[in-house]
Amino acid sequence: MAHPDSDPSIHNEPHLRAASFEVDPSELKAARSLAQDSQESDPDAAVEHTVWDEPALSAELTEDHDGPQLKYSEWLAWRLKTTSVRRTWTVTILIVLAAGPWAVLGALVRGIAGGGWGLAMVVLIAPVTEEVMKVAATLWVVEKRPYWFRSPVQIMICSIAGGLAFAAIENVLYLFVYFPDADPWLTVVRWTVCVGLHTVCSALAGIGLVRIWSRAISSRRRPQISDGVRWGLAAILIHGLYNGTATLVEILLPLKF
């Protein structure tokens, strides 16, 4: 039985031996596979896992590298340059068109999440769920694909569309499912006050998204939710105060509000 060479000398390393070194064929196959995966990798996915933006990496280490996906700033600049204005408006229109179905999903999620929570559902769970769902698609684009927007106007259009769609779906549920025999005044309130509430709150959340997007674009850095969170919280607070006030009126007065 052959025994492995136990010579501890550095000259016994495989690449320093006099005889030619034979590479394990399986390693060559793995190298080819890794190279192919690297060539076929999606830059949008790769930038999510890049390490080239870590603070510990010095400028000297990051000066010479290949590929726009290595650093977020370069990836974003590359995407902004190669994404047409027409495509950004196509994305905007698609988000607006999806606002209706997304609003239905938001209403269903709110109903499932809020069952049996009573007052907490009205003043906390419902406002948080609704305000998040109304701008969820727009927020995803701002956070993951900021180059799909070219102007703050596009973000505001998408945000307000989400609010209008949710208000319309909610009104249909209230007036035709929950209270089909409601007094005419309720219809007026639902299509004026409630629509206005949802629109204003979504606009506030949209301002927050604009701040997140604008700072990311101007500084070529990853979007930071903290840049606009106060506007989202303001929308939730106003919504919660309205719901709490409406609930109080319903308790004190014999009205179906």
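Engineer: Whenever I open this one, the overall build of the protein confuses me. Can you help?
Structural biologist: Looking only at helices and strands, the protein features 10 helices and 0 strands. The helix and strand sequence of the protein, counted from the amino end, reads α-α-α-α-α-α-α-α-α-α. Buried residues in the protein amount to 35% of all 257 residues. Pairs at least 24 apart in sequence give 70% of the contacts found in the protein among residues at least 6 apart.

Engineer: How do you make sense of the packing of helix α6 (residues 119–134) against helix α10 (residues 229–252) when you look at a structure like this?
Structural biologist: Packed helices, taken two at a time, are described by the angle their axes make and the gap between the axes. Viewed as axis vectors pointing N to C, α6 and α10 meet at an angle of 145 degrees, and their least axial separation amounts to 8 Å. As for the relative orientation of α6 and α10, their crossing is right-handed in sense. For the pair α6 and α10, contact is made by Leu119, Val122, Val123, Ala126, Pro127, Val128, Glu130 and Glu131 and by Ala235, Ile236, His239, Gly240, Asn243, Gly244 and Thr247, respectively. Partitioned by chemical class, the residues of the contact of α6 with α10 number 8 nonpolar, 5 polar and 2 charged.

Engineer: How should I be thinking about a nonpolar patch on the surface in this particular structure?
Structural biologist: Together, Val85, Trp89, Val96, Val153 and Ile157 give the surface a local cluster of nonpolar side chains, amounting to about 390 Å² of exposed area. Of all elements in the fold, only α5 (85–114) and α8 (152–178) reach the threshold of two or more residues within the nonpolar patch. Counting residues per element, the nonpolar patch draws most heavily on α5, which supplies 3 residues. Classification of valine 96 by relative accessible area gives partly exposed; the value is 32%.

Engineer: Teacher, can you tell me more about helix α7 (residues 136–144) here?
Structural biologist: Looking at α7, one finds that the buried residues are Thr138, Val141 and Val142. When α7 is viewed along its axis, its buried side chains cluster within an angular range of 100 degrees and face the same direction.

Engineer: Could you clarify how one ought to interpret the pattern of salt bridges in this entry?
Structural biologist: Two side chains with opposite charge may pair up if their charged atoms get near one another. Scanning the entire structure with this criterion turns up 4 salt bridges. For the salt bridge of aspartate 227 with arginine 215, the shortest nitrogen-to-oxygen distance reads 3.3 Å. Here the residue aspartate 227 occupies a position in the loop between α9 (184–219) and α10, and arginine 215 occupies one in helix α9, the gap between them amounting to 12 residues. By relative accessible area, which is 36% here, arginine 215 ends up partly exposed. For aspartate 227, the salt bridge goes to arginine 221, with nearest N and O atoms at 2.9 Å. Among the residues examined, aspartate 227 registers a relative accessible area of 12% and is labelled buried.

Engineer: Before we go on, may I ask you to explain the packing of aromatic side chains in this structure?
Structural biologist: Pairs of aromatic rings are described using the distance from one ring centre to the other and the angle between the two planes. With the rule as written, the count across this model stands at 6 aromatic pairs. Seen in terms of ring centroids, tyrosine 174 and tyrosine 178 are 5.4 Å apart; in terms of plane orientation they differ by 80 degrees. Their pairing is edge-to-face. Of this pair, tyrosine 174 and tyrosine 178 both sit in helix α8, 4 residues apart, which is roughly one turn of the helix. Through pairs of rings, three or more aromatic residues link up here, namely Tyr72, Trp75, Trp140, Tyr147 and Trp148. The lysine or arginine in question, arginine 190, covers the ring of tyrosine 174, its NZ or CZ lying 4.0 Å from the ring centre.

Engineer: When you look at the environment of alanine 205 in this model, what are you seeing that I'm missing?
Structural biologist: Inspection of the secondary structure assignment puts alanine 205 in helix α9. The exposure class of alanine 205 is buried, given its relative accessible area of 8%. As a C-alpha pair, alanine 205 and glutamate 131 span 74 residues in sequence and 7.7 Å in three-dimensional space.

Engineer: Mind showing me how you'd approach the nonpolar core here?
Structural biologist: Buried together is how nonpolar side chains tend to be arranged in soluble globular proteins. Leu76, Val142, Phe149 and Ile155 are the most contacted members of the largest nonpolar core, which has 21 residues in total. The set of elements that each furnish at least two residues to this core consists of α4 (72–82), α5, α7, α8 and α9. Residue contributions to this core peak at 6 residues, all from α9. For leucine 76, the residues in contact, after removing those within four places along its chain, are Pro146, Tyr147, Ala216, Ile217, Arg220 and Arg221. One finds Cys194, Leu197, Cys201 and Ala235 within the second-largest nonpolar core, a separate group that totals 6 residues.

About the criteria used
- Residues numbered from 1 in each chain as written.
- Predicted model: local features only at pLDDT ≥ 70, side-chain atom pairs only at ≥ 80, totals over all residues.
- Heavy atoms only, no water.
- Helix = DSSP H or I, 4+ residues; strand = E, 2+ residues; numbered from the N terminus.
- Buried < 20%, exposed > 50% of the residue type's maximum accessible area, 1.4 Å probe, protein only.
- Contact = heavy atoms within 4.5 Å.
- Axes fitted to C-alpha atoms, helices over the stretch in contact; angles between N-to-C directions.
- Left-handed = near helix turned anticlockwise from the far one by under 90°.
- Nonpolar A, V, L, I, M, F, W, Y, C, P; charged D, E, K, R; others polar.
- Patch = residues over 30% accessible without salt bridge, like charges linked within 9 Å, V, L, I, M, F, W, Y side chains within 5 Å.
- Areas by Shrake-Rupley, 256 points an atom, 1.4 Å probe, with all protein chains shown as cover.
- Salt bridge = Lys/Arg side-chain N within 4 Å of Asp/Glu carboxyl O.
- Arc of directions from axis to C-beta.
- Phe/Tyr/Trp six-rings, centres within 6.5 Å; stacked < 30°, edge-to-face > 60°.
- Lys NZ or Arg CZ within 6 Å of the ring centre and 35° of its normal.
- Core = buried A, V, L, I, M, F, W, Y, C linked by side-chain atoms within 4.5 Å.

Remember, this is a structural readout, not a statement about activity or role.
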